[in-house]
Amino acid sequence: MFNMLYEWFWWDRIWLPVNLTWADLEDREGRVYAKASHLYVTVPYAFVFLLIRYLFERWIATPLAFSAGIRQRVHLRAQDNPILEHYYTTQSRNPAQADIDGLSKKSSLSVRQVERWFRRRRGQDRPGVLKKFREASWRFVFYLLAFFGGIAALYDKEWFYDTREVWTGFPKQSMLESQYWYYILEMSFYCSLVFSIAFDVKRKDFKEQIIHHLATLVLLSFSWCVNYIRVGTLVMLVHDASDVLLESAKLFNYAKWERTCKTLFVLFAIVFMVTRLIIFPFWLIHCTWVYPVHHYPAFFGYYFFNVMLVVLLCLHIFWAYLILCMIRKFMFGTLTRDERSDNEEEEEEEESSTTEDESAEQHKLGNGVAADEKEDKNGCFGCLSPPENIYRSKTVY
């Protein structure tokens, strides 16, 4: 059964043009072709990337963050409460008011204490700025090296300047050593992102990020197996170009270099729109959709590859919408957080306000009349304003 499924999956007519078989992609006459078995090496390389990332974040990114004034924020811990913990882990991190009332009765706590417990419990799971800075540093270094590595591998190739040359002599296009390492390292990196996604900072576009990583791996794997390597290298280079600017903007944002961050974000937005919404669809997808049928009839693999490229394009349009929303708020001075981010800052403000409330309560218990005067001045403890330094402009998350 397994052998039958294996043979069906690798049937020539599915993945290759008519009159072409896998035997035609065997090494001969000095030509070296990519093979599916080569892709197995990306798994151990992905774990090597995870090890390098751990060492980089520990010995380079963390000291760099400290030198930029970034420290690990210590959140107030929620007191042990089995009833609330069970609801938090099995039901919801943000209970509705009716559920809060019910939990208040079950746990013998006041409604306000239950609300405070959930805020603190969410704060324990919330990643700090230091963690975000380390992740962005690692991705920035990789994308920077990958981008310049891609330029070095492609600058002297004719298909870098004329996409028609992508299909010249196809499929008898020998794989170059630079192409091999460019592919393997990029795929290993994306594999490492998939392996670490459960531990990385989660954002609102978490599902879209998973789809993006998987679609990228599928595209690279398919293009590797059927020798679409030339167009594959172009796709990787186009994606790395804007990612470098995005990660650098994040770094300066976390370090609170707002002017530099805003400048880099504007540059990122421009490069993103040009590379992902102009070059990608009108050069690369056009190259894979129009030119191949001049050399061979359309087949399943041809449609599969182009559909996956369109999936990436849809993700680009989704992110472009978020970027434009941020640009609009940025231009009118109302941008306070990244559209991709969860409402973490708001919860931090609530927790800061709650902490002030607790201090005020303790002050009242210890000082009597003076605390009462302060209560009259502020109206009520629950209405105390959070510190002004909480309200800071953020352009990227």
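The rules behind these values
- Residues numbered from 1 in each chain as written.
- Predicted model: local features only at pLDDT ≥ 70, side-chain atom pairs only at ≥ 80, totals over all residues.
- Heavy atoms only, no water.
- UniProt positions renumbered as here; feature names shortened; annotations may be inferred.
- Helix = DSSP H or I, 4+ residues; strand = E, 2+ residues; numbered from the N terminus.
- Contact = heavy atoms within 4.5 Å.
- 1 Å grid on protein atoms, 1.4 Å probe; cavity = no way out; pocket = protein on both sides within 12 Å on 5 of 7 lines; lining within 4 Å.
- Points joined across faces, edges and corners; volume = space filled by probe spheres on them.
- Nonpolar A, V, L, I, M, F, W, Y, C, P; charged D, E, K, R; others polar.
- Core = buried A, V, L, I, M, F, W, Y, C linked by side-chain atoms within 4.5 Å.
- Buried < 20%, exposed > 50% of the residue type's maximum accessible area, 1.4 Å probe, protein only.
- pLDDT = per-residue confidence, 0-100.
- Salt bridge = Lys/Arg side-chain N within 4 Å of Asp/Glu carboxyl O.
- Phe/Tyr/Trp six-rings, centres within 6.5 Å; stacked < 30°, edge-to-face > 60°.
- Axes fitted to C-alpha atoms, helices over the stretch in contact; angles between N-to-C directions.
- Parallel < 35°, antiparallel > 145°, perpendicular 65-115°, else oblique.
- Left-handed = near helix turned anticlockwise from the far one by under 90°.

Trainee: Explain the UniProt feature "transmembrane region" (unreviewed entry) in the chain to me, please; I cannot follow it from the model alone.
Mentor: As recorded in UniProt, the feature "transmembrane region" (unreviewed entry) lies at residues 37-56, 136-155, 180-199, 264-291 and 303-327. Counted over residues 136-155, helix gives 95% and strand 0%. Its end C-alpha atoms are 28 Å apart. Secondary structure within residues 264-291 divides into 93% helix and 0% strand; the distance between the first and last C-alpha atoms comes to 36 Å.

Trainee: For this particular structure, what's the right way to read the side chain of Glu 247?
Mentor: By the secondary structure assignment, Glu 247 is in helix α10 (residues 229-254). If sequence neighbours within four positions are ignored, Glu 247 has contacts with Ala 136, Arg 139, Phe 140 and Tyr 143.

Trainee: Whenever I open this one, empty space enclosed by the protein confuses me. Can you help?
Mentor: Where empty space is left becomes clear once a probe the size of a water molecule has been rolled over the atoms. With the rule as written, the count across this model stands at five cavities of 30 Å³ or more. There is about 120 Å³ of room inside the second largest cavity. In terms of lining residues, the second largest cavity is bounded by 15 residues, among which Thr 216, Leu 220, Gly 232, Val 235 and Met 236 are the most central. Broken down by secondary-structure element, the contributors of at least two residues to the lining of the second largest cavity are α8 (177-196), α9 (206-225), α10 and α12 (300-331). Split into classes, the residues belonging to the lining of the second largest cavity amount to nine nonpolar, four polar and two charged.

Trainee: Looking at this structure, how should I read the nonpolar core?
Mentor: Where a protein is soluble and globular, its nonpolar side chains tend to be buried together. Ranked by internal contacts, the top residues of the largest apolar core, which has 76 residues, are Trp 167, Trp 224, Tyr 228, Phe 280 and Ile 323. Elements with a contribution of two residues or more to this core: α2 (12-15), α3 (42-67), α7 (129-154), α8, α9, α10, α11 (258-289) and α12. Tallying contributions element by element places α12 first for this core, with 13 residues. Setting aside residues no more than four positions away along its own chain, Tyr 228 makes contact with Trp 167, Phe 170, Tyr 183, Phe 222, Ser 223, Tyr 296, Phe 299 and Phe 305. Ala 78, Tyr 88, Val 114 and Trp 117 belong to the second largest nonpolar core, which has nine residues in total.

Trainee: What is the right way to look at the confidence of the model for the chain in this model?
Mentor: Low-pLDDT stretches of the model should not have their predicted coordinates read in fine detail. On average, residues of the chain score 81 in pLDDT, and 81% of them reach the 70 mark or higher. The spread of mean pLDDT over the elements of the chain runs between helix α14 (residues 369-378), the lowest at 37, and α3, the highest at 95. Within the model, pLDDT remains below 50 along residues 342-350, and this stretch shows 24 contacts once partners closer than five positions in the same chain are excluded. Scored below 50 in pLDDT, residues 352-397 shows 72 contacts in the model against residues more than four places distant or in partner chains.

Trainee: What is the right way to read the pattern of salt bridges from this model?
Mentor: Once their charged atoms are close, side chains differing in charge can pair, the charge on each being opposite to the other. Under the counting rule described, the total for this entry stands at 11 salt bridges. The closest approach of N and O atoms between Lys 35 and Asp 27, which form a salt bridge, is 2.9 Å. Where Lys 157 meets Asp 156, a salt bridge forms, and the shortest distance between an N and an O atom there is 2.7 Å. The exposure class of Lys 157 is buried, given its relative accessible area of 13%. Overall, Asp 156 belongs to the partly exposed group, its relative accessible area being 47%. Taken together, the shared-partner salt bridges connect Arg 53, Glu 57, Lys 131, Glu 135, Arg 139, Asp 200, Glu 247 and Lys 250 into one network.

Trainee: Explanation requested: the packing of aromatic side chains in the structure shown.
Mentor: Two numbers describe a pair of aromatic rings. These are the distance of the centres and the angle of the planes. As enumerated under the stated definition, the model contains 38 aromatic pairs in all. Both rings, one in Phe 56 and one in Trp 138, keep their centres 5.9 Å apart while their planes meet at 55°; by these two values the pair is tilted. Residue Phe 56 is found in helix α3, and its partner Trp 138 is found in helix α7; the two are separated by 82 residues along the sequence. Trp 138 carries the same exposure label as Phe 56, and that label is buried. Relative to Phe 118, the ring of Tyr 87 lies with its centre 6.0 Å away and its plane at 90°, an arrangement referred to as edge-to-face.

Trainee: Mind showing me how you'd approach the environment of Val 114 here?
Mentor: Locating Val 114 in the fold gives a position in helix α6 (residues 111-125). For the pair formed by Val 114 and Pro 95, sequence separation is 19 residues and the distance between their alpha carbons is 9.9 Å. For Val 114, the residues in contact, after removing those within four places along its chain, are Leu 84, Ile 100, Leu 103, Ser 104, Ser 107 and Leu 109.

Trainee: Hey, could you run me through the packing of α11 against α12 in this one?
Mentor: When two helices pack together, their arrangement is given by the angle between the helix axes and the distance between those axes. Interhelical geometry of α11 versus α12 gives an angle of 155° and a closest axis separation of 10 Å. By the criterion of interaxial angle, the relationship of α11 to α12 is roughly antiparallel. The chirality of how α11 crosses α12 is left-handed. Of the residues assigned to the contact of α11 with α12, the class counts are 24 nonpolar, three polar and two charged.

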